[in-house]
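Coordinate inspection notes
Given next are the chains, with one letter for each unit.
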Amino acid sequence: MEQAVKQQFENYIKLIELKLDEFLPVKYPQEIWESMRYSLLAGGKRLRPILCLETCKVLCGGYEQAIPTACAIEMLHTQSLIHDDLPCMDNDDYRRGKLTNHKKFSESTAVLAGDALLSFAPQIIIQKTPESVAAQTVLKVLEEFLVSAGAEKLIAGQVVDIDSEGKQIDKKTLTFIHENKTGALFKLSIRAGAILGNADEKTIQALTMFAEKLGLAFQIMDDILDVTSTLEELGKTPGKDALEEKATYVSLYGLDEAKNQVASLCGSACDILKENNIESNILTGIVESISERVC
Ligand code: GRG
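Here's a quick rundown of the structure. These numbers come from a predicted model, not from an experiment.

**As for the overall build of the protein**
For the protein, the helix and strand inventory stands at 15 helices and two strands. Scaling as 2.2 N^0.38, a compact globule of 295 residues should have a C-alpha radius of gyration of about 19 Å, and the protein matches this with 18 Å. Dimensions of the protein along its principal axes, counting C-alpha atoms only, are 50 × 50 × 35 Å. Counting all 295 residues of the protein, 53% fall into the buried class. For the protein, the proportion of contacts with a sequence separation of at least 24, taken over those separated by at least 6, is 71%. For the protein, the computed accessible surface area is about 13700 Å², with 51% contributed by carbon and sulfur atoms. Computing the positive centroid from 31 side-chain charges and the negative centroid from 44, the protein places the two 2 Å apart.

Written out as structure tokens, the structure reads:
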């Protein structure tokens, strides 16, 4: 990746960290706010908020109006990680290179920290989106956010994922899990950025297709890295999928075919941008960083 694009990424990350810190102060009772902040400010690639801000910027020249939504999406993502790591779900000790929330605090605090982030996030969209954004637009973004977080998307993916542990599942079921468990938040990030950037319906559709390819490529890459990486590289425990007898793209298709699929999805994602004259070094940089990680 070119130095100038790397710098743009770093600028986005700095801005997102700053705003997350500002939007989530410590209040009474201190422990719950500290545990929310512990996981939210623990690092992470900040891919979803960057996608939201950059999509908005590429469409209307600025991203100020998308900052609260981008931060709210990172809160939702962090909530899903806290709950996913709980003993009753994936039972993980490490996340983002640190102890998981329930290991650092307690199981009850981790459940409540996730719940609190989930209800705090839409509050941020409502309270912090600039008044210059039409109420109708804010409502549309809120609807996208709530549907993505709910039983039709994120929760649906997680339920089928948990239910599939130790079972032989077909490729259609695996795609359903990936599209909802991971894809939903990529789609939300990009669609919300497009809505806040006042995109027309055709552009929103094109970006939705782009998000679908990107989200699937990202999850397949996550499956690949689970078998090829270390705890230090991942910031979380590798090898969990095999241990829990989870069907993944690697177990169903094999490592080489999984890599081929990432390359093909990344190629299609870039084509969608080109065909729709959407020029963004950041969006193509994200696609490239996914395909490069598996090569
Ligand atoms: C919304 C109420 C509610 C519940 C959520 C627990 C759950 C239901 C869903 C789990 C979803 C999940 C953990 C999906 C995995 C997605 C994934 C590949 C995460 C890793 O993303 P990265 O690599 O992480 O972007 P960082 O730490 O860099 O942000």
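**With respect to the site of the ligand**
Taken together, 20 residues surround the ligand, and among them Lys45, Arg48, His77, Arg96 and Ala149 come closest. A distance of 2.8 Å separates an oxygen atom of the ligand from a polar side-chain atom of Arg96. Here the ligand, which alone exposes 760 Å², has 91% of that area covered by the protein. Of all elements in the fold, only helix H4 (67–84), helix H8 (154–164), helix H9 (171–196) and helix H10 (201–228) reach the threshold of two or more residues within the shell around the ligand. For the shell around the ligand, the element with the highest residue contribution is H4, accounting for six residues. By residue class, the composition of the shell around the ligand is six nonpolar, eight polar and six charged.

**Some thoughts on the nonpolar core**
Met75, Phe210, Leu214, Ile286 and Ile290 are the most contacted members of the largest nonpolar core, which totals 85 residues. Not counting the four nearest positions on each side in its chain, Ile286 is found in contact with Phe9, Leu47, Ile50, Leu51 and Leu214.

**A short note on helix H14 (residues 255–275)**
For H14, spanning 21 residues, the distance from its first C-alpha to its last is 30 Å, which sits close to the expected 30 Å at 1.5 Å a residue. Of the residues one or two after H14, Asn277 is the one with positive phi, at around 50 degrees.

**With respect to the packing of aromatic side chains**
A complete count under the given rule lists five aromatic pairs for this structure. For the ring pair Trp33 and Phe120, a centre distance of 5.5 Å and an interplane angle of 85 degrees mean the geometry is edge-to-face. Of this pair, Trp33 sits in helix H2 (residues 30–40) while Phe120 sits in helix H6 (residues 107–128), placing them 87 residues apart in sequence. By relative accessible area, which is 12% here, Trp33 ends up buried. Ring centres of Phe186 and Phe218 lie 5.0 Å apart, and the angle between their planes is 45 degrees; on these two criteria the pair is classed as tilted. Pair noted here: Phe186 is in helix H9 and Phe218 is in helix H10, with a separation of 32 residues, a long-range link. Just as Phe186 is buried, Phe218 falls in that class too.

**A look at the environment of Ser132**
Take Ser132: it is sitting in the loop between H6 and helix H7 (135–149). A C-alpha to C-alpha distance of 8.3 Å links Ser132 and Gln65, two positions 67 residues apart in sequence.

**Quick notes on the side chain of Thr182**
Residue placement: Thr182 occurs in helix H9. Not counting residues within four places of it along the chain, the set of residues in contact with Thr182 comprises Ile177, Gly215, Phe218 and Gln219.

**A short note on helix H3 (residues 47–60)**
Note: α-helices contain 3.6 residues per turn, so residues at a spacing of three or four share the same orientation. Helix length check: H3 (14 residues) gives 20 Å between terminal C-alpha atoms against 20 Å at 1.5 Å per residue, within 8%. Most of H3 sits inside the fold, with ten of its 14 residues counted as buried. Within H3 the residues assigned to the buried category are Leu47, Arg48, Pro49, Ile50, Leu51, Cys52, Leu53, Glu54, Thr55 and Cys56. Positioned one or two residues after H3, Gly61 has a phi angle of 90 degrees, which is positive.

**Concerning the pattern of salt bridges**
In total, this model carries 14 salt bridges according to the counting rule given. As a salt-bridge pair, Glu144 and Arg191 come within 2.9 Å of each other at their nearest N and O atoms. Placement of Glu144 in helix H7 and of Arg191 in helix H9 is noted, with a sequence separation of 47 residues between them. Side by side, Glu144 and Arg191 carry an identical accessibility label, which is buried.

**Focus on the environment of Leu76**
Tracing the chain through its elements places Leu76 in helix H4. A C-alpha to C-alpha distance of 17 Å links Leu76 and Pro25, two positions 51 residues apart in sequence.

The rules behind these values
Residues numbered from 1 in each chain as written. Predicted model: local features only at pLDDT ≥ 70, side-chain atom pairs only at ≥ 80, totals over all residues. Heavy atoms only, no water. Helix = DSSP H or I, 4+ residues; strand = E, 2+ residues; numbered from the N terminus. Rg over C-alpha atoms; globule rule 2.2 N^0.38 Å. Buried < 20%, exposed > 50% of the residue type's maximum accessible area, 1.4 Å probe, protein only. Contact = heavy atoms within 4.5 Å. Areas by Shrake-Rupley, 256 points an atom, 1.4 Å probe, with all protein chains shown as cover. Lys, Arg positive; Asp, Glu negative; His and termini not counted. Charge placed at Lys NZ, Arg CZ, Asp CG, Glu CD. Near = heavy atom within 4 Å. Polar contact = N/O pair within 3.5 Å; in protein donor to acceptor, adjacent residues only side chain to side chain. Nonpolar A, V, L, I, M, F, W, Y, C, P; charged D, E, K, R; others polar. Core = buried A, V, L, I, M, F, W, Y, C linked by side-chain atoms within 4.5 Å. Expected span 1.5 Å × (residues − 1). Phe/Tyr/Trp six-rings, centres within 6.5 Å; stacked < 30°, edge-to-face > 60°. Salt bridge = Lys/Arg side-chain N within 4 Å of Asp/Glu carboxyl O.

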